[in-house]
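These are the residues of each chain, in order.
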Amino acid sequence: MAVTRPLLPPLEEFIPYLEQIWQNRQLTNGGPFHQQFEQELAAYLGVEHLCLFNNGTTALLTALQALRITGEVITTPYSFVATSHSLLWNGLTPVFVDIDPLTCNLDPEKIEQAITPRTSAILPVHCYGIPCNVGRIQQIADDYGLKVIYDAAHAFGVRVAGKSILQQGDLSILSFHATKVFNTIEGGAIICPDAKTKKRIDYLKNFGFANETTIVATGINGKMNELQAAFGLLQLQHIDAALLARKQLAARYRQLLTDIKGIELITVPESVDWNCAYFPILVNDAFPVSRDQLYQLFKDKGILTRRYFYPLINSFPMYRGLASADDAHLPSANRLSSQILCLPVYPDLTADEQLAIATLITGTLSENVA
Ligand SMILES: *Cc1c(COP(=O)(O)O)cnc(C)c1O
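Residues numbered from 1 in each chain as written. Predicted model: local features only at pLDDT ≥ 70, side-chain atom pairs only at ≥ 80, totals over all residues. Heavy atoms only, no water.

- The chain appears in an unreviewed UniProt entry as Aminotransferase from Erwinia typographi.
- For the record of the chain, the UniProt heading Sequence similarities (unreviewed entry) holds the text "Belongs to the DegT/DnrJ/EryC1 family." (UniProt positions renumbered as here; feature names shortened; annotations may be inferred.)

In structure tokens form, the structure reads like this:
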């Protein structure tokens, strides 16, 4: 049992799409499935302008280019390493700021003290699909003239008070990697506010070509191909069922694991329509075994949980020389990183499997207390 299993549509449903691709003989470069998927996905997510990408990391790299970000960028150490890597690849300096332990996201109250004359942007992450404090972050960005790019790789379909979280800030990026809630095998997208920005991003993801002979920017190859787009179109037909299954699993975990000594659950505000992308628990000092021991107990039973996010990004060799990488000013990120465990959650996880996972936790507690 892994922490996740990719969402795969029935094979026979994909065959007609393949037949069409073989007939068209257009495999990439903004073919018919690309156009159709871009429109249907934007409509599904409730956003107006969206650019498809071959993966989430290229989308991140391109988003930073699209806004011509320079100098220092404030970001979270509590994320997947691609968040910060996208800054280094653009010659930018990450400035790590601590997280709010309640949301697992960048703590807005700690952002201002990290701003310098070189700061040009904030790159927060909606960790686990739980929304950042977007109102406060925007206020700071407005006060200091900073851009905001959300790494929304975990936040597919998340809404707050009925509105998509993906329209916050200047740009948001999504990942459709196989391990994510919604996948196109590999894939990603940038959500942008207007047609003009979309045009610039579309140039940037296609080497900078504006037409056959004109190059308007130093672009990259970030294009999603026709097989990915067709796969995505088919996945859209199954995503609502998958999201519903995730919600039911999360509700059941909550029932099974509430009020267990030493286990903390992360609460998602009522107003958030969460995608249950992950099911994180915190194993604190009151639990009889350490987080790593519990992780190993699961592993011994063939259950793969994940320590997302451990180690913290600031501890990796290409980051730890930065002044902001000092753990002394990242206490909450360090505590969460040492206590976090993400339990398996994917649509076809069975009730029995889920019960076995919860029982391993409660069993470990009772054995060691008795
Ligand atoms: C998955 C992920 C990415 C990278 O997306 P890819 O599609 O795998 O390139 C970036 N940021 C976060 C937070 C992620 O979880």
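Still more to cover.
Quick notes on the domain arrangement of the chain
Logical step 1: Looking at the assigned domains, one finds that the chain contains domain 1 (11-96 + 105-236) and domain 2 (239-369).
Logical step 2: Here the C-alpha centroids of domain 1 and domain 2 sit 26 Å apart.
Logical step 3: In this complex, domain 1 contributes 32 residues to the contact, which on the side of domain 2 involves 32 residues.
Logical step 4: Counting the surface domain 1 buries against domain 2, the share from its top three residues, Tyr78, Phe96 and Tyr128, is 29%.
Logical step 5: Taken together, domain 1 and domain 2 are joined by 0 salt bridges.
Logical step 6: Our enumeration of links across domain 1 and domain 2 arrives at 14 residue pairs in polar contact (both at pLDDT 80 or more).
Logical step 7: Put simply, the parts of the chain that give the side of domain 1 that touches domain 2 at least two residues each are α4 (82-89), β3 (93-96), β8 (159-160) and α7 (226-236). (Domains from an automatic or database assignment. Contact = heavy atoms within 4.5 Å. Buried area = accessible area lost by both parts, 1.4 Å probe. Salt bridge = Lys/Arg side-chain N within 4 Å of Asp/Glu carboxyl O. Polar contact = N/O pair within 3.5 Å; in protein donor to acceptor, adjacent residues only side chain to side chain. Helix = DSSP H or I, 4+ residues; strand = E, 2+ residues; numbered from the N terminus.)

Thoughts on the packing of helix α8 (residues 239-257) against helix α11 (residues 351-369)
Logical step 1: Viewed as axis vectors pointing N to C, α8 and α11 meet at an angle of 30°, and their least axial separation amounts to 10 Å. By the angle class used here, α8 and α11 are roughly parallel. Relative to α11, α8 is oriented so that their crossing is right-handed. Along its contact with α8, which presents Leu249, Arg252, Tyr253, Leu256 and Leu257, the element α11 presents Ala351, Gln354, Leu355, Ile357, Ala358 and Ile361.
Logical step 2: In terms of residue class, the contact of α8 with α11 is built from 9 nonpolar, 1 polar and 1 charged. (Axes fitted to C-alpha atoms, helices over the stretch in contact; angles between N-to-C directions. Parallel < 35°, antiparallel > 145°, perpendicular 65-115°, else oblique. Left-handed = near helix turned anticlockwise from the far one by under 90°. Nonpolar A, V, L, I, M, F, W, Y, C, P; charged D, E, K, R; others polar.)

Overview of the pairing of strand β2 (residues 72-75)
Logical step 1: Neither face of β2 is open: one carries Glu72 and Ile74, the other Val73 and Thr75, and all of them are buried.
Logical step 2: Note that β2 and β3 share 4 bridges and pair parallel. In the strand pairing of β3, Glu72 is matched with Thr93.
Logical step 3: Where β2 meets strand β6 (residues 119-123), 4 bridges bridge the pair, whose relative direction is parallel. (Buried < 20%, exposed > 50% of the residue type's maximum accessible area, 1.4 Å probe, protein only. Pairing = 2+ DSSP bridges.)

A word on the UniProt feature "modified residue: N6-(pyridoxal phosphate)lysine" (unreviewed entry) in the chain
Logical step 1: Under the local residue numbering, the UniProt record ascribes the feature "modified residue: N6-(pyridoxal phosphate)lysine" (unreviewed entry) to Lys180.
Logical step 2: Along the chain, the position of Lys180 falls in the loop between β10 (171-175) and β11 (188-192).
Logical step 3: Those residues within four positions of Lys180 in sequence are excluded, and the remaining contacts are Ala153, His154, Ser175 and Tyr278.

As for the sheet that holds strand β9 (residues 163-164)
Logical step 1: Taken together, 3 strands build an open sheet; the order of strands is β9-β8-β13 and the sheet is antiparallel. Two strands in the sheet have a free side with no partner beyond their single neighbour: β9 and β13 (272-273).
Logical step 2: By the bridge criterion, 2 bridges tie β8 to β9 in an arrangement that is antiparallel. Its bridge partner being in β9, Val160 is matched across the sheet by Lys163.

Comments concerning helix α9 (residues 291-300)
Logical step 1: Of the residues making up α9, those classed as buried are Arg291, Leu294, Tyr295 and Phe298. In a view along the axis of α9, the buried residues occupy a sector of 105°, so they form one face of it.
Logical step 2: Elements in contact with the buried residues of α9: β14 (279-283), α10 (331-339), β15 (340-343) and α11.
Logical step 3: Phi turns positive one or two residues past the end of α9, at Gly302, with a value near 80°. (Arc of directions from axis to C-beta.)

Here's the deal with the side chain of His154
Logical step 1: One can find His154 in the loop between β7 (147-151) and β8.
Logical step 2: Non-local contacts of His154, meaning those with residues more than four positions away in its chain, are made with His126, Cys127, Tyr128, Gly129, Lys180, Asn275, Ala277, Tyr278 and Phe309.

What about the site of the ligand?
Logical step 1: Contacts to the ligand come from 14 residues, most closely from Gly56, Thr57, Asp151, Ser175 and Lys180.
Logical step 2: In the model, an oxygen atom of the ligand is placed 2.8 Å from a nitrogen or oxygen of the Gly56 main chain.
Logical step 3: Thr57 places a polar side-chain atom, nitrogen or oxygen, 2.6 Å from an oxygen atom of the ligand.
Logical step 4: Compared with its free state, where it exposes 380 Å², the ligand has 93% of that area covered by protein.
Logical step 5: Sorting the residues of the shell around the ligand by element identifies α3 (56-66) and α4 as the ones contributing at least two each. (Near = heavy atom within 4 Å. Areas by Shrake-Rupley, 256 points an atom, 1.4 Å probe, with all protein chains shown as cover.)

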